[in-house]
Amino acid sequence: MINQKMRELGAKRSVIRELFEYGKKRKAEIGEDKVYDFSLGNPSVATPEAVNAALSDLLSSENPVSLHGYTSAQGDPGVRAAIADYINFTYGESVNADCIYMSVGAAAALTCSLTAVVSAGEEVIVPSPYFPEYKVFIEKCGGVIKEVACDGELQPDVMAIENAISEKTAAIIINSPNNPTGAVYSEKNIKALTEALRRCEKRYGHPIYLISDEPYRELVYDGVTVPYLTKYYNDTIVCYSFSKSLSIPGERIGYVLVSPRCEDFTSVYQAVCGAGRSLGYVCAPSLLQKALPYCLGKTADISVYDRNRRMLMERLSEFGFEMIRPQGAFYLFIKSPSGDANEFCERAKNHEILIVPSDDFGIGGYARLSYCVTTEQIERSMPAFEALAKSYKEKENG
Ligand code: PLP
């Protein structure tokens, strides 16, 4: 019998995909340059040369049979060792290759981690707004998502999280820099959060895993730093991806890092490997794994995103839009002038601007704008944003 839950998931496109498809159709109707598509979080700057060079070197110098062969299920040992060395050097950690499980991007890192530590009926706390796939991933392992709204600065509301944690809580997922808000969670907030989690672990007598979803770790601006969570909390599982930092989202490569200080580390790591096996991942793409040691610490040219961010902040504020300054990722979370996210995005559509209503991210009243587009598109879209802002003022004036 067909699994109806899976059928529903496959049949229904996400709001973001729906908007992207609408954008393609609209561009065909009125012209590519007349539609301002800010819907998708697909990196828009070139992959750094180091990636292409590593791939060509591997293709020309390595034995093709082993290069394209299966690696061990948890990933090539040399690659995992190189990543561990990089983490130790960069964040002052002391992890080793056997803490790392190579994955098919952050999405697979998340499904492996959640499947490893969440049993049917257990709860996973998610500060909202959040990446909508979390709900899909949590529910696939029989877990229950428990959304807890962020505070007015879009930081996790620690007191509300502590109140939401119960005997049934298995994990919390946090994502900083954040999709959809661009917020970077401050060290002060992380310290308070991890203290609360420790209190709850003691209160309920079992581990509560902190799953840190980090596809945007390197995409930060204004000199902010992103706290490395294993340093603050023992029961941490990092889900990392190279999709955004190296502009290679279609290549599908990332990893899970289980903190060596996790309670019962060996069982957690084994459960991650077992989850990968049960989900049929076999191993992460071999060629991409082997390119990584040559690319660690490199990023695509993120100054383009910073330029886009500054330009948007400045101009949209001038037009009267309100937003919290994003410090990372490539998203701007704009307040709907009417307070209604759908109304705002539909009205934007009338001006050929495609932005995503926030309801699907678990919070009303905002729209997400992805600024991983060309700076030229942003410049071209300004008259449309100005007209959109004006349309609200006209309404106010009568
Ligand atoms: N987590 C967040 C917050 C994301 O925004 C994305 C992709 O946009 C993912 C996970 C999935 O990343 P990946 O392409 O590495 O699977």
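The coordinates are above.
Here's what I pulled together on the structure shown here. From a predicted model like this one, the values you see are computed outputs, not experimental measurements.

What follows is about the site of the ligand. Taken together, 14 residues form the shell around the ligand, and within it A106, D213, Y216, S241 and R252 come nearest. S241 has a polar side-chain atom sitting 2.6 Å from an oxygen atom of the ligand. Measuring from an oxygen atom of the ligand, one finds a side-chain N or O atom of K244 at 2.8 Å. Protein burial of the ligand: of its 400 Å² of free accessible surface, 91% is covered by the chains. Ranked by residues supplied to the shell around the ligand, first place goes to helix α6 (residues 105-117) with 3 residues. Its residues placed into classes, the shell around the ligand shows 6 nonpolar, 5 polar and 3 charged.

A volume near 1400 Å³ is recorded for the largest pocket. For the largest pocket, the lining is made up of 44 residues, of which S14, F131, P132, E133 and V136 are closest to its centre. When residues of the lining of the largest pocket are traced back to their parent elements, those giving at least two are α1 (4-11), α2 (15-30), α6 and α7 (133-140). A total of 7 residues in the lining of the largest pocket trace back to one element, the largest contributor, which is α7. Here the residues of the lining of the largest pocket sort into 19 nonpolar, 10 polar and 15 charged. When residues of the lining of the largest pocket are assigned to domains, at least three fall in each of domain 1 (4-41 + 300-397) and domain 2 (49-294). Estimates place the volume of the second largest pocket at around 260 Å³. As for the second largest pocket, its lining consists of 16 residues, of which K27, D37, C372, V373 and Q377 are closest to the centre. For the lining of the second largest pocket, the secondary-structure elements that each account for two or more residues are α2 and α14 (375-397). Within the lining of the second largest pocket, the residues separate by chemical class into 6 nonpolar, 5 polar and 5 charged.

Within the open sheet, the 3 strands sit side by side as β9-β12-β11. Their pairing is antiparallel. Where the open sheet ends on each side, the last strands, each with one partner, are β9 (331-335) and β11 (356-357). One ladder, built from 5 bridges, connects β9 with strand β12 (residues 366-370); its direction is antiparallel. For F333, the partnering residue across the bridge sits in β12 and is R368. In the packing of helix α12 (residues 303-319) onto the sheet, contacts are made with β9 and β12, and the angle to β9 comes to roughly 10°.

Bringing α7 into the picture now. Restricting attention to buried positions, one finds in α7 the residues Y134, F137 and I138. The buried side chains of α7 occupy one side of the element, clustering within an arc of 95° when seen end-on. In this structure, the buried side of α7 is in contact with α6, β3 (123-128), β4 (144-149), β5 (169-174) and β6 (209-214). In the stretch just after α7, G142 is the one whose phi turns positive, near 80°.

A word on the pattern of salt bridges. According to the stated counting rule, one finds 23 salt bridges in the structure shown. Across the pair K24 and E21 runs a salt bridge, and its minimum N-O distance is 3.5 Å. Here K24 and its partner E21 are both found in helix α2, 3 residues apart, which amounts to about one turn of the helix. A relative accessible area of 45% places K24 in the partly exposed class. Residue classification places E21 among the partly exposed positions, given a relative accessible area of 26%. Each of D222, D306, R309, R310 and R325 takes part in a single network of salt bridges with overlapping partners.

The next thing to look at is the pairing of β5. Of all 6 residues in β5, 6 are buried, a share of seventy percent or more. Inspection of the sheet shows β5 paired to β6 by 4 bridges, in the parallel sense. Counted as the bridge partner of I173 is I211 from β6. Regarding topology, helix α9 (residues 187-204) serves as the crossover connection from β5 to the parallel β6, and that connection is right-handed.

The rules behind these values
- Residues numbered from 1 in each chain as written.
- Predicted model: local features only at pLDDT ≥ 70, side-chain atom pairs only at ≥ 80, totals over all residues.
- Heavy atoms only, no water.
- Near = heavy atom within 4 Å.
- Polar contact = N/O pair within 3.5 Å; in protein donor to acceptor, adjacent residues only side chain to side chain.
- Areas by Shrake-Rupley, 256 points an atom, 1.4 Å probe, with all protein chains shown as cover.
- Helix = DSSP H or I, 4+ residues; strand = E, 2+ residues; numbered from the N terminus.
- Nonpolar A, V, L, I, M, F, W, Y, C, P; charged D, E, K, R; others polar.
- 1 Å grid on protein atoms, 1.4 Å probe; cavity = no way out; pocket = protein on both sides within 12 Å on 5 of 7 lines; lining within 4 Å.
- Points joined across faces, edges and corners; volume = space filled by probe spheres on them.
- Domains from an automatic or database assignment.
- Pairing = 2+ DSSP bridges.
- Contact = heavy atoms within 4.5 Å.
- Axes fitted to C-alpha atoms, helices over the stretch in contact; angles between N-to-C directions.
- Buried < 20%, exposed > 50% of the residue type's maximum accessible area, 1.4 Å probe, protein only.
- Arc of directions from axis to C-beta.
- Salt bridge = Lys/Arg side-chain N within 4 Å of Asp/Glu carboxyl O.
- Right-handed = clockwise from strand over helix to strand, strands pointing away.

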